[in-house]
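The primary structure of each chain is shown beneath.
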Amino acid sequence: MSETRKPWHGVIVATSLPFHDDLSVDFGAYGESVARLAAEGMHGVAPNGSLGEYQTLTHEERDRVVETALAHAPEGFTVMPGVGAYGGREAARHARFAKDAGCQAVMCLPPNAYRADDRAVLEHFELVASAGLPVTAYNNPIDTKVDLRPDLLAKLYAEGFIVGVKEFSGDVRRCYEISERAPGLDLMIGTDDTVLEVGIAGAKGWVAGYPQVFPRACLALYEASVTGDLETALPLYRQLHPVLRWDSRTEFVQAIKLGQEMTGRRGGVCRPPRQPLAPETEAVVRAATQALVDAGVN
């Protein structure tokens with residue numbers, strides 16, 4: 001990646017969050033994880049996203065997670081925290097903290113517990129943008145029940161509220177419509193199991209989960225995808241897909257944390273309401289992960 005890349009470009013890892021046995025946050029282990037990801041060639045981290053179990057964190061914990069990420073981020077390494085919240089005022093509060101702490105951008109869901117209409121979505125992102133940092137929208141209609149449609153994204157971009165979108169709908173077809181309606185809006189891969197399809201559709205970044213498990217392979221896959229190197233990308237994509245698809249499933253946090261543990265990284269338990277993987281599910285995730293480990297993927 002170029003030294004002049006925009007902060008939200010490249011592989012930005014949506015980091016999981018380690019907890020102690022009493023379910024308090026293990027900030028020391030989290031800082032080590034951020035430093036390790038930087039050393040492994042990632043371009044940044046997105047703390048306090050869905051993978052970071054942000055909904056179970058207090059404001060004080062969220063703030064300290066951001067501070068920890070910044071403290072372990074080398075120069076040029078992006079820290080783009082999620083500022084997802086029920087309403088725009090609360091999300092804007094997290095965005096202001098991120099700016100004051102020294103972050104380069106934020107990632108924002110629409111109102112995430114309310115089926116907001118377009119007016120509410122526009123107000124929400126206006127409030128977050130008022131903090132003064134570039135905002136990447138996070139479209140996850142599966143979990144939020146609010147779909148940031150291509151026409152709505154174009155309105156948000158035209159108003160200057162967003163600079164990019166993490167597209168998590170899984171509908172690759174809309175990537176082309178987004179580019180048509182808002183040519184300057186940066187498309188970002190949102191689901192690990194659509195890296196190739198969205199990469200060749202013109203993505204500028206990947207807000208990613210599985211680089212925490214197989215960083216080098218995921219980085220190689222991303223770079224081959226966005227440059228259209230199908231000879232490299234397609235066999236690697238097929239090899240990784242049995243694990244990448246878990247990023248789009250309900251148990252994605254548990255699956256990725258299990259993968260971290262299996263590859264010598266800190267994963268651990270989740271806070272309620274997330275439960276440990278059911279035995280049959282764990283067996284599938286474990287087998288897919290172990291097959292890659294045995295094949296020398298790292």
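Residues numbered from 1 in each chain as written. Predicted model: local features only at pLDDT ≥ 70, side-chain atom pairs only at ≥ 80, totals over all residues. Heavy atoms only, no water.

### A look at the UniProt feature "binding site: pyruvate" (unreviewed entry) in the chain
Moving on, step 1. Mapped onto this numbering, the UniProt entry gives "binding site: pyruvate" (unreviewed entry) at Val207.
Moving on, step 2. When you line up the elements, Val207 lands in strand S8 (residues 205-208).
Moving on, step 3. Not counting residues up to four positions away in its chain, the partners in contact with Val207 are Ile12, Ala14, Ala46, Met80, Met107, Lys166, Met188, Ile189, Gly190 and Asp192. (UniProt positions renumbered as here; feature names shortened; annotations may be inferred. Helix = DSSP H or I, 4+ residues; strand = E, 2+ residues; numbered from the N terminus. Contact = heavy atoms within 4.5 Å.)

### Considerations on the environment of Gly84
Moving on, step 1. Tracing the backbone shows Gly84 in the loop between strand S3 (78-79) and helix H3 (88-101).
Moving on, step 2. The exposure class assigned to Gly84 is buried, which follows from its relative accessible area of 5%.
Moving on, step 3. Sequence separation of Gly84 and Leu109 is 25 residues, and the distance between their C-alpha atoms is 5.1 Å.
Moving on, step 4. Not counting residues within four places of it along the chain, the set of residues in contact with Gly84 comprises Tyr54, Arg62, His94, Met107, Leu109 and Asn112. (Buried < 20%, exposed > 50% of the residue type's maximum accessible area, 1.4 Å probe, protein only.)

### Topic: the side chain of Lys166
Moving on, step 1. Positionally, Lys166 belongs in strand S6 (residues 164-167).
Moving on, step 2. No salt bridge is formed by the buried Lys166; its nearest oppositely charged neighbour, Asp247, is found at 6.4 Å.
Moving on, step 3. A distance of 3.5 Å separates polar atoms of two side chains, one belonging to Lys166 and the other to Tyr138. (Lys, Arg positive; Asp, Glu negative; His and termini not counted. Salt bridge = Lys/Arg side-chain N within 4 Å of Asp/Glu carboxyl O. Polar contact = N/O pair within 3.5 Å; in protein donor to acceptor, adjacent residues only side chain to side chain.)

### A short note on unusual backbone geometry
Moving on, step 1. At the junction of Pro272 and Pro273, the peptide bond is cis and its omega measures out at 15 degrees in the coordinates.
Moving on, step 2. In this structure, Pro273 sits in the loop between helix H11 (252-262) and helix H12 (279-294).
Moving on, step 3. Although it is not a glycine, Lys145 adopts a positive phi angle of roughly 70 degrees.
Moving on, step 4. Among the structural elements, Lys145 can be located in the loop between helix H5 (141-144) and helix H6 (150-158).
Moving on, step 5. By relative accessible area, Lys145 is classed as partly exposed at 47%.

### So, the pairing of S8
Moving on, step 1. Along S8, one buried face is formed by Gly205 and Val207 and the opposite face, lined by Trp206 and Ala208, is buried too.
Moving on, step 2. Handedness of the crossover joining strand S7 (residues 186-189) and S8 through helix H8 (residues 195-200) is recorded here as right-handed. (Right-handed = clockwise from strand over helix to strand, strands pointing away.)

### Brief notes about H6
Moving on, step 1. Taken as a whole, H6 has its buried residues at Pro150, Leu152, Leu153, Ala154 and Leu156.
Moving on, step 2. Against the buried residues of H6 lie helix H4 (118-129), strand S5 (135-139), S6 and helix H7 (173-181).
Moving on, step 3. In the stretch just after H6, Gly160 is the one whose phi turns positive, near 80 degrees.

### Some points on the pattern of salt bridges
Moving on, step 1. Throughout the structure, instances matching the rule amount to 13 salt bridges.
Moving on, step 2. Residues Arg173 and Asp171 are paired through a salt bridge, measuring 3.0 Å at the closest nitrogen-oxygen approach.
Moving on, step 3. Among the residues examined, Arg173 registers a relative accessible area of 68% and is labelled exposed.
Moving on, step 4. With a shortest N-O distance of 2.8 Å, Glu177 and Arg181 are connected by a salt bridge. On the criterion of helical spacing, the pair formed by Glu177 and Arg181 is a turn pair, its members being four residues apart in helix H7.

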